[in-house]
Amino acid sequence: MSRISRLPSPLLRAAACTGVAALALTACGSGSGSGTASTGSGSVKVGLITKTDTNPFFVKMKEGAEKAAKENGAQLSTAAGKFDGDNAGQVTAIENMVAAGVKGILITPSDSKAIVPAIQKARAKGVVVIALDTPTEPESAVDALFATDNLKAGQLIGEYAKAAMKGKTAKIAALDLAPGVSVGVQRHNGFLKGFGATDKDVVCAQDTGGDQAKGQTAMENCLQKAPGINVVYTINEPAALGAYTALKAKGREKDVLIVSVDGGCTGTQAVKDGKIAATSQQYPLKMAAEGVKAVVTYAKDGKKASGYTDTGVTLITDKAQDGVTSKDTAYGLDNCWG
């Protein structure tokens with residue numbers, strides 16, 4: 001599912017781009033295929049730190065940052081955790097980027113609370129810090145947030161699932177992210193709100209880390225615990241596809257409704273193929289592009305971005321339900337993660 005970046009051709013540049021211990025920072029001149037968009041030593045330096053560099057969501061976010069950096073004459077450095085939850089790695093990345101003289105850092109926090117001290121140190125040195133996709137706790141720990149309204153994203157698929165069930169008694173499985181991660185909590189709570197349910201109505205809840213293999217295992221565990229499950233909420237589409245695999249192995253893929261969040265190209269194709277009933281599509285490329293532009297603006301005139309900017313969400317399905325606003329997969333595939 002991950003994309004392979006083009007390798008930089010000059011060996012000298014590759015030698016200059018040695019990785020740091022926990023994360024790799026890449027900002028070694030234009031043409032580097034590992035996350036760099038540079039217009040020379042005098043350009044504005046911007047850092048992007050994602051949770052991982054393999055999740056397609058963050059691959060697309062990186063693409064958006066690269067394109068925006070090139071268009072706005074900025075030099076981009078990127079870093080990514082070894083795994084989702086690698087707070088220590090993100091702290092190291094912040095420290096290295098500050099030392100490298102970045103004007104601003106864009107970050108998707110792996111641990112919304114634990115990352116705050118490192119962010120505070122960076123801001124104290126005049127670096128503007130903008131959270132993408134995932135808010136910090138408190139949200140005011142950063143200068144600004146560019147993100148999906150994750151509560152709304154969850155609520156949309158909850159409303160859809162409720163309508164699609166057409167009055168049937170729901171037995172809900174929740175394939176969540178991980179304890180305490182704000183994105184996961186908001187999507188989960190939004191789904192329940194949209195469905196008109198509470199956690200008491202969830203017959204099985206499992207954490208998946210947003211991983212497809214873990215999603216499959218979680219679904220297998222849930223089917224053992226509660227064989228009558230007929231609605232599956234998933235934190236993202238990899239988890240949803242894992243759930244679909246487990247259900248198909250039991251011959252249940254046709255009679256269980258799966259709903260999800262993200263709207264990536266692979267996930268939207270899965271909606272078109274009938275594996276997922278509906279998904280809430282968000283736009284990481286836009287998050288990153290807006291973040292880069294905000295840092296460049298700050299560098300040029302000292303004006304900092306502030307507060308929360310909602311980058312939008314759209315319900316995608318080919319089986320529209322009355323009373324629930326949605327668009328079809330043709331729209332979804334044209335706009336997946338744009």
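The model shown is predicted, which means the values in this text are computed figures rather than measured ones. (Residues numbered from 1 in each chain as written. Predicted model: local features only at pLDDT ≥ 70, side-chain atom pairs only at ≥ 80, totals over all residues. Heavy atoms only, no water.)

Novice: Where do I start with the sheet that holds strand E1 (residues 44–50) in this structure?
Specialist: Each strand in a sheet pairs with its neighbour through backbone hydrogen bonds, running either in the same direction (parallel) or in the opposite one (antiparallel). Taken in spatial order, the six strands make up an open sheet running E2-E1-E3-E4-E5-E11, and their pairing is parallel. Both outer strands of the open sheet, strand E2 (74–80) and strand E11 (307–310), are each paired with one neighbouring strand and no more. Strand-to-strand, the axes of this sheet are offset by a mean angle of 20°, without reference to chain direction. Strand direction decides the pairing type here: E1 and strand E3 (residues 104–107), joined by four bridges, are parallel. (Pairing = 2+ DSSP bridges. Helix = DSSP H or I, 4+ residues; strand = E, 2+ residues; numbered from the N terminus. Axes fitted to C-alpha atoms, helices over the stretch in contact; angles between N-to-C directions.)

Novice: Even after reading the chapter, I still don't get the pattern of salt bridges, so can you show me in this structure?
Specialist: In a structure, side chains of opposite charge can pair up when their charged atoms sit close to one another. The tally for this structure, following the rule as stated, stands at seven salt bridges. Across the salt bridge formed by lysine 304 and aspartate 143, the nearest N and O atoms sit 3.7 Å from each other. Residue lysine 304 is found in the loop between helix H10 (284–301) and E11, and its partner aspartate 143 is found in the loop between strand E4 (128–132) and strand E5 (144–147); the two are separated by 161 residues along the sequence. Owing to a relative accessible area of 11%, aspartate 143 belongs among the buried residues under this scheme. Between aspartate 255 and arginine 252 there is a salt bridge; the shortest N-O distance is 2.7 Å. The class of aspartate 255 is partly exposed, set by a relative accessible area of 43%. Residue class for arginine 252 comes out buried when judged on its relative accessible area of 18%. A cluster of three or more residues bridged by salt bridges with shared partners is formed by Arg123, Asp143 and Lys304. (Salt bridge = Lys/Arg side-chain N within 4 Å of Asp/Glu carboxyl O. Buried < 20%, exposed > 50% of the residue type's maximum accessible area, 1.4 Å probe, protein only.)

Novice: Explain the confidence of the model for the chain to me, please; I cannot follow it from the model alone.
Specialist: Low pLDDT marks stretches whose predicted atomic positions should not be read closely. For the chain, the mean per-residue pLDDT works out to 89, and 87% of the residues sit at or above 70. Below a pLDDT of 50 lies the segment residues 1–41, which in the model reaches 76 contacts outside its immediate sequence neighbourhood of four places, other chains included. (pLDDT = per-residue confidence, 0-100. Contact = heavy atoms within 4.5 Å.)

Novice: Is there a simple way to explain unusual backbone geometry in this structure?
Specialist: Residues other than glycine predominantly adopt negative phi, and peptide bonds predominantly adopt the trans conformation. Of note, the amide linkage connecting glutamate 137 to proline 138 takes the cis form, showing an omega dihedral of 5°. Looking at the element boundaries, proline 138 is found in the loop between E4 and E5. At lysine 166, a position not held by glycine, the phi torsion is positive, near 50°. One can find lysine 166 in the loop between helix H5 (150–165) and strand E6 (172–176). Overall, the relative accessible area of 64% leaves lysine 166 in the exposed class. Residues other than glycine seldom take positive phi values, yet aspartate 262 does so here, at roughly 145°. With respect to the helices and strands, the residue aspartate 262 is situated in strand E9 (residues 257–262).

Novice: Where do I start with the environment of lysine 225 in this structure?
Specialist: Take lysine 225: it is sitting in helix H7 (residues 212–225). It is 7.2 Å that separates the C-alpha atoms of lysine 225 and cysteine 204, two residues lying 21 residues apart in sequence. Non-local contacts of lysine 225, meaning those with residues more than four positions away in its chain, are made with Val203 and Cys204.

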